[in-house]
Amino acid sequence: MSWFVEQLHKHARQQLSIDEVLYEGRTDFQDLIVFRNGTFGRVMALDGAVQLTEADEFAYHEMMSHVPLFAHGSAKDVLIIGGGDGGLLREVLRHPVERVTEVELDAGVVEATKRHMPFICGDAFEDPRTDLVIGDGARYVAETDNRFDVILVDSTDPVGPGEVLFSRGFYADCKRCLKPGGVLVTQNGVPFMQGEELRKSVGHFRELFTDAACYLVSVPTYVNGDMALGWASLDPALRQVDAGTLRARYEAAGLKTRYYNPEIHVASFALPNYIKDLIR
Ligand code: SAM
C-alpha cells in the first residue's frame, strides 16, 4: 500500500493510504493530486497539503458559510476568495442570496474537482447567481468597486499563492469591500500547530475592524486540534445573535445540515484558554 504524507510541520505529519490515484499533475500554480482513501473517500491535496475530503468537507464548508450567513440574517451579496472546489459555494447558495462572486486563482482546481469530485460543487458553478472570476483574490479586493455583505476567505495555508491572503493589506481591502454591517470570515489553520498565524490575523482584525474574534470547527483531516475560522466585522452585534434567533432563521431557511446547528453556532465562539491567550 502506498501512503500520502502531509508534512506541514517539522515534528508531526499525517499519513493517508492511497487506494487509487485519480489524478496527479501540476496546474499553472500548484501540484494537485486527487486520490481515493478507504476512510475519507476522495481526497484532494495541493502542494502536499490536504484541502478537502469527501467524508469530512461538510464540517468545514457548513461552518464557514452558515455561521456568518445566519448571523447576518439578510445577506444578498457574498464574496468567496479561493474555494475552487466549489464546496463553500454550494453551501452559500442554499441561502436566498442574490449574487455570489467567487475569485479563485487556479482554474486547474475548479477543473480537477468538477472532473474528479463532482459531488462537491454539484451544479453550483452553473447557478445563475454565481459569478466565477479566475484571478488573484488580493488583487480583486484591491481593485473592485463591488460591495459585499459577507466575505469568506477559503484559502490554502499562508505559503505560496495563499500567503497574501493573510496580510494586513488584504484584510484592509476586504474591509473596504464590506457593506455596513458586513462580516469577514477566514480560514485560519489549527491554532495548536499554527498559533502564530491566528495571532497575527486576529491582531490585524483588531486594528482594522470594530469586532475581532475567531470560532472553532473540528475537521478530522485538519489534524492536531480544532481549526480556527477568523471573524472580523463592522457590527459587534453579529457575534452576539442568540440561539433562539438563529433557530428561527435556520428553520425558516429549511436547511438540513450535518454539522451546523444554532447551538453549535453559539458554542463555537467559546474558546479554550490557550486559544484565548493566543489572540489576547
Ligand atoms: N475548501 C477547502 C477545504 O475544505 O478546506 C480547501 C480550500 S480551497 C481548495 C483553497 C483555494 O485557495 C485553492 O483552490 C487555491 O488555488 C486558492 N488560492 C490560493 N491563493 C489564492 C489567491 N491569492 N487568490 C485566490 N485564490 C487563491
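Scroll up for the structure.
Since this is a predicted model, take the numbers as computed values, not measurements. (Residues numbered from 1 in each chain as written. Predicted model: local features only at pLDDT ≥ 70, side-chain atom pairs only at ≥ 80, totals over all residues. Heavy atoms only, no water.)

1. Notes on the sheet that holds strand β9 (residues 130-134)
Taken in spatial order, the seven strands line up as β9-β8-β7-β10-β11-β13-β12 in an open sheet, and their pairing is mixed. Edge strands, defined here as strands with exactly one partner in the open sheet, are β9 and β12 (211-217). Strand-to-strand, the axes of this sheet are offset by a mean angle of 15°, without reference to chain direction. Strands in contact with helix α6 (residues 168-176) are β7 (77-82), β10 (148-154) and β11 (178-187); relative to β11, the strand with the most contacts, it is inclined by about 145°. (Pairing = 2+ DSSP bridges. Helix = DSSP H or I, 4+ residues; strand = E, 2+ residues; numbered from the N terminus. Axes fitted to C-alpha atoms, helices over the stretch in contact; angles between N-to-C directions. Contact = heavy atoms within 4.5 Å.)

2. Comments concerning the site of the ligand
Neighbouring residues of the ligand: 27 residues in total, closest Q51, D85, E104, D136 and Y222. Between D85 and the ligand, the recorded distance is 2.8 Å, taken from a side-chain N or O atom to a nitrogen atom. G137 is positioned with one of its backbone polar atoms (N or O) 2.9 Å from a nitrogen atom of the ligand. The protein chains hide 99% of the 600 Å² of surface that the ligand would expose on its own. Placement of the ligand is best described as lying within the largest cavity. At the level of secondary structure, the elements contributing two or more residues to the shell around the ligand comprise β5 (41-46), β6 (49-53), α1 (57-72) and β8 (99-104). Its residues assigned to classes, the shell around the ligand shows 11 nonpolar, 11 polar and five charged. For the shell around the ligand, the domains that each give at least three residues are domain 1 (2-53) and domain 2 (57-279). (Near = heavy atom within 4 Å. Polar contact = N/O pair within 3.5 Å; in protein donor to acceptor, adjacent residues only side chain to side chain. Areas by Shrake-Rupley, 256 points an atom, 1.4 Å probe, with all protein chains shown as cover. 1 Å grid on protein atoms, 1.4 Å probe; cavity = no way out; pocket = protein on both sides within 12 Å on 5 of 7 lines; lining within 4 Å. Sits in = over half its atoms within 2 Å of the grid points. Nonpolar A, V, L, I, M, F, W, Y, C, P; charged D, E, K, R; others polar. Domains from an automatic or database assignment.)

3. Describing empty space enclosed by the protein
Taken as a whole and assessed by the stated rule, the structure comprises two cavities of 30 Å³ or more. Put simply, the largest cavity is a space of about 600 Å³. As for the largest cavity, its lining consists of 45 residues, of which Q51, S155, T156, D157 and Q187 are closest to the centre. Counting residues per element, the ones that place at least two in the lining of the largest cavity are β5, β6, α1, β7, β8 and α7 (191-208). Residue contributions to the lining of the largest cavity peak at four residues, all from β6. Each of two domains, domain 1 (2-53) and domain 2 (57-279), supplies a minimum of three residues to the lining of the largest cavity. In this structure, the second largest cavity occupies an estimated 40 Å³ of space. Forming the walls of the second largest cavity are Q51, L52, D56, E57, Y60, V219, T221 and Y222. (Points joined across faces, edges and corners; volume = space filled by probe spheres on them.)

4. Observations regarding the layout of surface pockets
Roughly 170 Å³ of volume is contained in the largest pocket. As for the largest pocket, its lining consists of L69, F70, G73, S74, A75, K76, H95, P96, V97, R249, A252 and A253. For the lining of the largest pocket, the secondary-structure elements that each account for two or more residues are α1 and α8 (243-253). Sorting elements by how many residues they give to the lining of the largest pocket places α8 first, with three residues. For the lining of the largest pocket, the per-class residue count stands at seven nonpolar, three polar and two charged.

5. Regarding the sheet that holds β6
Spatially, four strands are ordered β3-β4-β5-β6 in an open sheet, and the strand pairing comes out antiparallel. Each edge of the open sheet carries a strand with a single partner, namely β3 (20-26) and β6. Going across the sheet, the axis of each strand differs from the next one's by a mean of 20°, ignoring polarity. Pairing analysis gives six bridges linking strand β4 (residues 31-37) to β5, with the strands arranged antiparallel. Looking at the pairing, N37 lines up with G41 of β5.

Read these as geometric descriptors, not functional statements.
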